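What follows is each chain in one-letter form.
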Amino acid sequence: MAEALRLGNSSGTGASLVLTDINKAQELEEIARRVTYLEMNNSLQFMAHFTAGLFFPHTDLDLFPTVKARLKH
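Numbers given to residues run from 1 along each chain, matching the order in which its sequence is written. Selection of residues for local features in this predicted model requires a pLDDT of at least 70, selection of side-chain atom pairs for listing and counting requires 80 or more, and totals for whole chains, interfaces and linings are taken over all residues. Only hydrogens and water are set aside; all other atoms, that is, all heavy atoms of the structure, feed into the side-chain values.

1. Some thoughts on the overall build of the chain
Secondary structure counts use DSSP, requiring at least four H or I residues in a row for a helix and at least two E residues in a row for a strand, with both numbered from the N terminus. Within the chain one finds four helices and zero strands. Starting at the N terminus and ending at the C terminus, the chain contains elements arranged as α-α-α-α. This radius of gyration counts C-alpha atoms alone. The globule rule is 2.2 Å times how many residues there are, raised to the power 0.38. The C-alpha radius of gyration computed for the chain amounts to 20 Å, which surpasses the reference 11 Å derived for 73 residues by more than 25%, pointing to a less compact arrangement than a globule. For the chain, the spread of C-alpha atoms along the principal axes amounts to about 55 × 40 × 15 Å. When a residue's accessible area, from a 1.4 Å probe over protein chains only, is under 20% of the maximum for its type it is buried; when over 50% it is exposed; and in between it is partly exposed. Scored against the burial criterion, the 73 residues of the chain give a buried share of 4%.

2. Let's talk about the packing of aromatic side chains
In summary, the pairing rule links any two rings of Phe, Tyr or Trp, Trp by its six-membered ring, whose centres are within 6.5 Å, and it sorts them by plane angle into stacked for under 30 degrees, edge-to-face for over 60 and tilted for everything else. Evaluated as defined, the whole model comprises one aromatic pair. Centre to centre, the rings of Phe-46 and Phe-50 are 5.8 Å apart; their planes meet at 20°, and the pair counts as stacked. Placement of the pair is Phe-46 and Phe-50 together in helix α3 (residues 44-52), with a separation of four residues, close to one helical turn. Given a relative accessible area of 29%, Phe-46 falls into the partly exposed group.

3. Some points on the pattern of salt bridges
Any Lys or Arg side-chain nitrogen located within 4 Å of an Asp or Glu carboxyl oxygen qualifies as a salt bridge. Counting across every chain of the model gives four salt bridges. A salt bridge links Arg-33 to Glu-30; its shortest N-O distance comes to 3.0 Å. Of the two residues, Arg-33 and Glu-30 both sit in helix α2 (residues 22-34), three residues apart, roughly one turn of that helix. Taking relative accessible area as the criterion, Arg-33 reaches 57% and is therefore assigned exposed. Residue classification places Glu-30 among the partly exposed residues on the basis of a relative accessible area of 34%. Among the charged side chains, a salt-bridge network with shared partners connects Glu-30, Arg-33 and Arg-34.

Right, dumping it as structure tokens:
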């Protein structure tokens, strides 16, 4: 089995890079310009799936057959 990759404080590392390296700051600005904002709560279907997924176990156990099998025991 492969060893898990640990990122540590990736947000702190990214912030440090952007503050100390002009090339990284410019790269970040370019990425930010290409980001598309999508308002997910405008989609009733998404919100229905999202709110249903907040509960454990999930409200539709057929979507999680291994959880369903464990709960039967």
